[in-house]
Amino acid sequence: MTLRRKLVIGVIATVLSLQFVIPSVQYFSDGANRWGWQMYSRVSLQPEIIAVTADGDRREVDLSRYVFHMRSELRVDAEMLDQLCAMLPDANSFELIHHEDATETEMFQCSG
Amino acid sequence: MLRINELLEQRVPAGPLGIARIVLGLAAVLKGVVTAASVNAYQNENVLRFPYTSLELSTPAGTFATAISLFWIIFALFFMVGFGSRVSGAFLSVMIFLVIGIDQQFYSNHLYLMGTLVALMTIADAGRSYSIDARRSGANEPATVPRWAATLIMLQLTSVYLFAALTKVNEGFLSGAVMESAFEPSMLERVERLMPLTALAPLAVTTELFLAFAFWHQRTRFMALPVALGFHALNVVIMGRGGAFNLSIFALVMLSMMLVFFTRESATVQSVQKDERPAGGAGRPTELVMQHGESG
């Protein structure tokens, strides 16, 4: 087999993996996932974010003001909330309200 | 059944792939202009960062990010008109993946698809037809491209529609909840007057499944094209909500793949090694043989 033929077979195998193997793996993973052509397929499970100030005032955070594209694959995690703490200096903590099977609340304390 | 060797050896006319390159290039130019604006907005201090890794290194410096988006537009223009197609295509593909890599917010399925397709069309040498490159080369023989490379582009279309359909088979989508949140409110009302979302949702899944396979068959191919165009046009109109531009770009990218299927109607050009050499002779070089009609 010539080197060129081997290269072509390698390219075909790689592309087929990208086209069918990776989307199959992503299909069986939980939630919305990238690289798997999961367009408009699931209800967005992003939590509602409430900023709580030192004196107890609560206000909903409109995340669209702080992101330029909040995709459903993006996870609201500690790293992201740390950044939000810096952007909203009056916020002492954040309350995350998850509306999935049942409503669950989670608290995140700003470290500053 | 097409044998592997035939798939690897055969060449097909480059025309449809040349047109597909122009359509994809146009989509890349338009998307590049919008992406340059997004990259600029991303450099605003009040934007949350979603790097793929926790390393700050994954977020490039402003100048670097701006340069990527500018080179994207330049290479997309070259790719569209077919000027140095292989080089411009390779660089354009790299630029698209670099932008996707800046931050998770830059990922979108149509951007990922665009980057992949530009790479596949570059590998397939889509600049051999309807391009400045083709004019400059002044070749007398009809331009051809490897059949396996064109087939990979066709399989890409199947992959996109197939997984788009399969992932929609879940309670949230089939109940109509996803459509309810995605549709333009004024359109939602009109659509629901015509058909309940619980009926429209499985219809959307069925349409995507149909499109995943219909382009492969001669009988259904000419039906699949208007169905696909109508499907994507409806998506743009119904799901507008500021996303009309991106959905239009996605439609153009999908259209570029559809066009490649119409290669199969044309003459197949097979690279044939002449083994019937006269005894003791040096043998004849590879010849191109035109075969008319559908193959495979």
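Scroll up to find the structure.
These figures come from a predicted structure and were not determined experimentally.

(A) The arrangement of the pattern of salt bridges in detail. Residues and elements named next belong to chain B. According to the stated counting rule, one finds eight salt bridges over all chains in the structure shown. We note a salt bridge from lysine 168 to glutamate 208, for which the minimum N-O separation is 3.1 Å. Of this pair, lysine 168 sits in the loop between helix H7 (147-166) and helix H8 (171-174) while glutamate 208 sits in helix H11 (residues 197-214), and the two are 40 residues apart along the sequence. Here the two residues lysine 168 and glutamate 208 agree in accessibility, since each one is buried. Connected via shared salt-bridge partners are Arg86, Asp125 and Arg128.

(B) Structural view of the state of the cysteines. All names here are of chain A. Tallying each qualifying case throughout the model produces one disulfide over all chains. At a sulfur-sulfur separation of 2.0 Å, the disulfide partner of cysteine 85 is cysteine 110. Between cysteine 85 and cysteine 110 the sulfur-sulfur dihedral comes to about -80 degrees; the bridge is accordingly left-handed. Here cysteine 85, found in helix H2 (residues 78-87), pairs with cysteine 110, found in the segment after strand E4 (103-109); they are 25 residues apart in sequence, far enough to count as distant. A residue is classified by how much of its surface remains accessible, and cysteine 110, at 13% relative accessible area, is buried.

(C) Main features of the packing of helix H1 (residues 3-27) of chain A against H7(B). In the contact formed by H1(A) and H7(B), the axes pass within 10 Å of each other and the chain directions differ by 5 degrees. Here H1(A) is positioned roughly parallel relative to H7(B), judged by the angle of their axes. Listed contacts from H7(B) to Val8(A), Val11(A), Ile12(A), Val15(A), Leu16(A), Gln19(A), Phe20(A), Pro23(A), Ser24(A) and Tyr27(A) of H1(A) are Trp148(B), Leu152(B), Leu155(B), Gln156(B), Ser159(B), Phe163(B) and Leu166(B). Taken together, the residues that form the contact of H1(A) with H7(B) break down as 13 nonpolar, four polar and no charged.

(D) Looking closely at the sheet that holds E4(A). All names here are of chain A. The strand order across the open sheet formed by four strands is E2-E1-E3-E4, and the pairing between neighbours is antiparallel. At either end of the open sheet lies a strand with only one pairing partner, and these are strand E2 (58-60) and E4. Taken pair by pair, the neighbouring strands of this sheet meet at an average axis angle of 25 degrees, ignoring direction.

(E) Summary view of the side chain of His98(A). All names here are of chain A. Topologically, histidine 98 is positioned in strand E3 (residues 91-99). There is a polar contact of 2.8 Å between the side chain of histidine 98 and the side chain of glutamate 106. In this structure, histidine 98 is in contact with Pro47, Thr103, Glu104 and Glu106, ignoring residues within four places of it in sequence.

Definitions and cut-offs
Residues numbered from 1 in each chain as written. Chains lettered and ligands numbered in written order. Predicted model: local features only at pLDDT ≥ 70, side-chain atom pairs only at ≥ 80, totals over all residues. Heavy atoms only, no water. Salt bridge = Lys/Arg side-chain N within 4 Å of Asp/Glu carboxyl O. Helix = DSSP H or I, 4+ residues; strand = E, 2+ residues; numbered from the N terminus. Buried < 20%, exposed > 50% of the residue type's maximum accessible area, 1.4 Å probe, protein only. Disulfide = S-S within 2.5 Å. Axes fitted to C-alpha atoms, helices over the stretch in contact; angles between N-to-C directions. Parallel < 35°, antiparallel > 145°, perpendicular 65-115°, else oblique. Contact = heavy atoms within 4.5 Å. Nonpolar A, V, L, I, M, F, W, Y, C, P; charged D, E, K, R; others polar. Pairing = 2+ DSSP bridges. Polar contact = N/O pair within 3.5 Å; in protein donor to acceptor, adjacent residues only side chain to side chain.

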